[in-house]
Structures are given as structure tokens and as C-alpha cells.
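Examining the three-dimensional arrangement
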Amino acid sequence: MLEKANSASGMAVHDECKLKFLELKAKRNYRFIVFKIQDQQVVVDKVGSPQETYDDFQASLPADECRYAVFDFDFITSENCQKSKIFFIAWSPDTSKVRSKMVYASSKDRFKRELDGIQVELQATDPSEMSFDIIKGRAL
């Protein structure tokens, strides 16, 4: 079942995207979800099990193609409390095609609105812009 395409970006969001995100958020079934735009709709590209690490997540992003991703980041605060934040990452590598970057950029806000519960947003064009230290710094 598809949601109607948005007239501004012409992009539809597949229901599976929202369902998987709800499972990540509520049941913590996944560590991360990677989404891609295919045939004018956002679809699930990959999911990472709860045991996977941030390194696994970074390795799952293609070096020369844009993606959206959500990552469930667990951390311990300075008060020694276990916490978690859900990151939305717009991955738009410098080496990806200009048209692809434009499509992902124009569809990002609408797609992000479909995922209720995003706590931190990050835009990255290079792996150094989404290093573990940056993620950790944005979470605290």
C-alpha cells in the first residue's frame, strides 16, 4: 500500500518505512534502518539488528549514493543514566550524482515528518561528518 505522492517533491513513502521505524522506536527491533528512493518512492534499503554497531551502520551506507537513515544511539550520560536517541541522517556523499542529491534534498523534510520520534538530525556529505564522536556529541 502506497501513500499518495507529495506534489512538491513527487515522492511517495512506502508503508514499510513507517512500520519498520515504529518497530525501531517502540520495540527496539533494529539498531538502524537505511532508506533509499526508488521509482519515485522512499523504500527500506537495509535494516540492522540490535546487536549491530555504529561501524556496521556506517559500512551499510554506499560510498557514492544518497540515502536516508535512522540510527538508535544508546549512550550513558554524565550522571550514569542509560539513554537512547534516534538520529535521522541524510547521507549525501560528494561523489553522488547531482540529480540524486537534489531529489533527496527536496524530499527530506516530508519524509522526516512521516517518522514521528526523530530526536536529532544530521546531514553528512562525507564519513567524517558523521563520525562516532560527532554522533556522541550531538546526543549528549
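Thresholds, definitions, all that
Residues numbered from 1 in each chain as written. Predicted model: local features only at pLDDT ≥ 70, side-chain atom pairs only at ≥ 80, totals over all residues. Heavy atoms only, no water. Pairing = 2+ DSSP bridges. Helix = DSSP H or I, 4+ residues; strand = E, 2+ residues; numbered from the N terminus. Contact = heavy atoms within 4.5 Å. Axes fitted to C-alpha atoms, helices over the stretch in contact; angles between N-to-C directions. 1 Å grid on protein atoms, 1.4 Å probe; cavity = no way out; pocket = protein on both sides within 12 Å on 5 of 7 lines; lining within 4 Å. Points joined across faces, edges and corners; volume = space filled by probe spheres on them. Nonpolar A, V, L, I, M, F, W, Y, C, P; charged D, E, K, R; others polar. Buried < 20%, exposed > 50% of the residue type's maximum accessible area, 1.4 Å probe, protein only. Salt bridge = Lys/Arg side-chain N within 4 Å of Asp/Glu carboxyl O. Phe/Tyr/Trp six-rings, centres within 6.5 Å; stacked < 30°, edge-to-face > 60°. pLDDT = per-residue confidence, 0-100. Disulfide = S-S within 2.5 Å.

Turning our attention to the sheet that holds strand β5 (residues 82–91). Across the sheet, which stays open at both edges, the 6 strands sit in the order β1-β3-β2-β4-β5-β6 with mixed pairing between neighbours. Bordering the open sheet on either side are β1 (12–13) and β6 (120–124), each of which pairs with just one other strand. By the bridge criterion, 7 bridges tie strand β2 (residues 32–38) to strand β3 (residues 41–48) in an arrangement that is antiparallel. Its bridge partner being in β3, I37 is matched across the sheet by V42. Together, β1, β2, β3, β4 (67–76) and β5 form the strand contacts of helix α1 (residues 15–27), whose direction differs from that of β3 by roughly 35 degrees.

Moving on to the layout of surface pockets. When its volume is computed, the largest pocket comes out at roughly 280 Å³. As for the largest pocket, its lining consists of 15 residues, of which I37, E65, R67, S100 and Y104 are closest to the centre. For the lining of the largest pocket, the class distribution of residues is 4 nonpolar, 4 polar and 7 charged.

Let's shift gears to the environment of D133. As for its placement among the helices and strands, D133 is situated in helix α4 (residues 132–139). On the accessibility criterion, D133 (63% relative accessible area) is exposed. Measuring from C-alpha to C-alpha, the distance between D133 and E52 comes to 17 Å, with 81 residues separating the pair along the chain.

All right, on to unusual backbone geometry then. The backbone phi angle of D39 is positive, close to 50 degrees, even though this residue is not glycine. With respect to the helices, strands and loops of the structure, D39 is situated in the loop between β2 and β3. Residue D39 is classed as exposed on the basis of its relative accessible area of 68%.

Considering all chains together, one arrives at 12 salt bridges under this definition. With a shortest N-O distance of 3.9 Å, K20 and E16 are connected by a salt bridge. With a gap of 4 residues between them, K20 and E16 both fall in helix α1, about one helical turn apart. Here E16 falls in the partly exposed class, since its relative accessible area comes to 31%.

Here the structure, examined in full by the defined rule, presents 14 aromatic pairs. The interplanar angle of 70 degrees and the centroid separation of 5.6 Å between the aromatic rings of F73 and F132 together place this pair among those described as edge-to-face. You can see F73 sitting in strand β4 and its partner F132 sitting in helix α4, a full 59 residues away along the chain. Its relative accessible area of 3% is what places F73 among the buried residues. The class of F132 is partly exposed, set by a relative accessible area of 39%. Each residue in the set F32, Y54, F57, F71, F73, F75, F87 and F132 is aromatic and connected to the rest through ring pairs, giving one cluster.

What follows deals with the confidence of the model for the protein chain. Per-residue confidence for the protein chain gives a mean pLDDT of 92, with 93% of residues at or over 70. Low pLDDT (under 50) marks residues 1–8, which in the prediction has 16 contacts with non-local residues, meaning those over four places away or in another chain.

Attention now moves to the state of the cysteines. Should the sulfur atoms of two cysteines be covalently bonded, the bond is a disulfide. This model, assessed by the stated rule, comprises 0 disulfides. Here C17 is not disulfide-linked; the sulfur of C66 is the nearest cysteine sulfur, at 16 Å.

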